[in-house]
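Descriptive structure summary
In case you want the letters, here they are:
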Amino acid sequence: MQVEGSVFAVTGGASGLGLATARRLIDGGATVALIDLPGSDGEAAASDLGERALFTPGDVTDEVGFAAALATAATRGPLRGVVHCAGAGRRLRLLDKEGNPGSLEDFEFVIRLNLIGSFNALRLGAAEMAKHEPVAGERGAVVLTASVAAYEGQIGQIPYTASKAGIVGMTITAARDLASKGIRVCTIAPGIMDTPLLARLRDDVREGLAASVPNPQRLGTPDEYGQLAVHILENAYLNGETIRLDGALRMAPR
Ligand SMILES: NC(=O)c1ccc[n+]([C@@H]2O[C@H](COP(=O)([O-])OP(=O)(O)OC[C@H]3O[C@@H](n4cnc5c(N)ncnc54)[C@H](O)[C@@H]3O)[C@@H](O)[C@H]2O)c1
């Protein structure tokens, strides 16, 4: 897929990995719709990125709102790709210190945001991309975002792990499902990336996290995620695969 001159949607595009991906796509000559919550920094981010960026507010878990945000993106030209970064975690133990069972509501919140949000991004993104004629044999591509927690979830990450493992599991199925439409699906499973979430941690905590990464011994940069996301969009033979982006990190139990 050619990035230059194409239109892409980046969910969670107001911050962190999504914003870095949007910047890479803009630098490559694309038009990018940042889809993020209405209260996010999306407006400021889009104006910072320039004329080929637009902020289209939408909640990825909402059928109508997210479809409308994609439709707004498509006013700039045929949608050729979705990079889906919107997501978050919520700490939860199966039993708390007093032996009370963990909150079903918190589990559902994370599954809804990360897993159902990814399904919504896939189905509505694919519907938009399938409207157009293929270019060089393909109609589009979707990049989903899992986490290394899909494989080695730490204590307290049970909803996050379940949601991200679901995304890893969906990847090959979605790629097969959309093959006849000429739409590819891949997933990136990041390790510990230096996004605004981690910037809030104390320096010694950040240093401890960095030291746990074998090589290179540091946090990943959002731009390294953006670089891989753009490569996946560009490389027509990458499909149905989850790629770890983690400096060989394997998370310990806690
Ligand atoms: N940062 C890391 O170390 C790391 C590691 C592994 C996986 N991830 C995953 O990468 C993705 C991006 O993480 P990040 O670190 O860039 O986070 P971030 O908090 O910097 O950005 C996430 C963005 O998603 C938006 N968002 C949240 N809920 C939304 C919704 N319902 N609809 C639309 N937008 C919504 C937020 O407003 C925010 O702008 C997440 O899925 C996260 O689980 C991050």
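That block above? That's the structure.
The next point concerns the nonpolar core. Grouped together as the largest cluster of nonpolar side chains are 31 residues, with contacts concentrated most on L25, V32, L34, V83 and Y225. Among the secondary structure elements, those contributing two or more residues to this core are β1 (7-11), α1 (16-27), β2 (31-35), α2 (42-49), β3 (53-55), β5 (140-145), β6 (183-190) and α8 (222-234). Every residue in contact with Y225, bar those within four places of it in the chain, is listed here: L17, T21, V83, C85, V143, L144, T145, I188, P190, M193 and L245.

Its 26 residues place the ends of helix α4 (residues 104-129) 36 Å apart at the C-alpha level, agreeing with the 38 Å of an ideal helix rising 1.5 Å per residue. For α4, the principal kink sits at R112 and spans about 35°. N-capping of α4 is provided by S103, with a side-chain oxygen placed 3.2 Å from the backbone N of E105.

The next thing to look at is a positive patch on the surface. A cluster of basic residues, R91, R93, K97 and R254, forms a positive patch on the protein surface. Looking at the element boundaries, R93 is found in the loop between β4 (79-84) and α4.

Reading guide: rules and limits
Residues numbered from 1 in each chain as written. Predicted model: local features only at pLDDT ≥ 70, side-chain atom pairs only at ≥ 80, totals over all residues. Heavy atoms only, no water. Core = buried A, V, L, I, M, F, W, Y, C linked by side-chain atoms within 4.5 Å. Buried < 20%, exposed > 50% of the residue type's maximum accessible area, 1.4 Å probe, protein only. Helix = DSSP H or I, 4+ residues; strand = E, 2+ residues; numbered from the N terminus. Contact = heavy atoms within 4.5 Å. Expected span 1.5 Å × (residues − 1). Bend = angle between axes of the 7 residues up to and from the residue. Polar contact = N/O pair within 3.5 Å; in protein donor to acceptor, adjacent residues only side chain to side chain. Patch = residues over 30% accessible without salt bridge, like charges linked within 9 Å, V, L, I, M, F, W, Y side chains within 5 Å. Areas by Shrake-Rupley, 256 points an atom, 1.4 Å probe, with all protein chains shown as cover. Salt bridge = Lys/Arg side-chain N within 4 Å of Asp/Glu carboxyl O. Lys, Arg positive; Asp, Glu negative; His and termini not counted. Charge placed at Lys NZ, Arg CZ, Asp CG, Glu CD.

Everything listed here is a matter of coordinates, which is why it stays silent on function.
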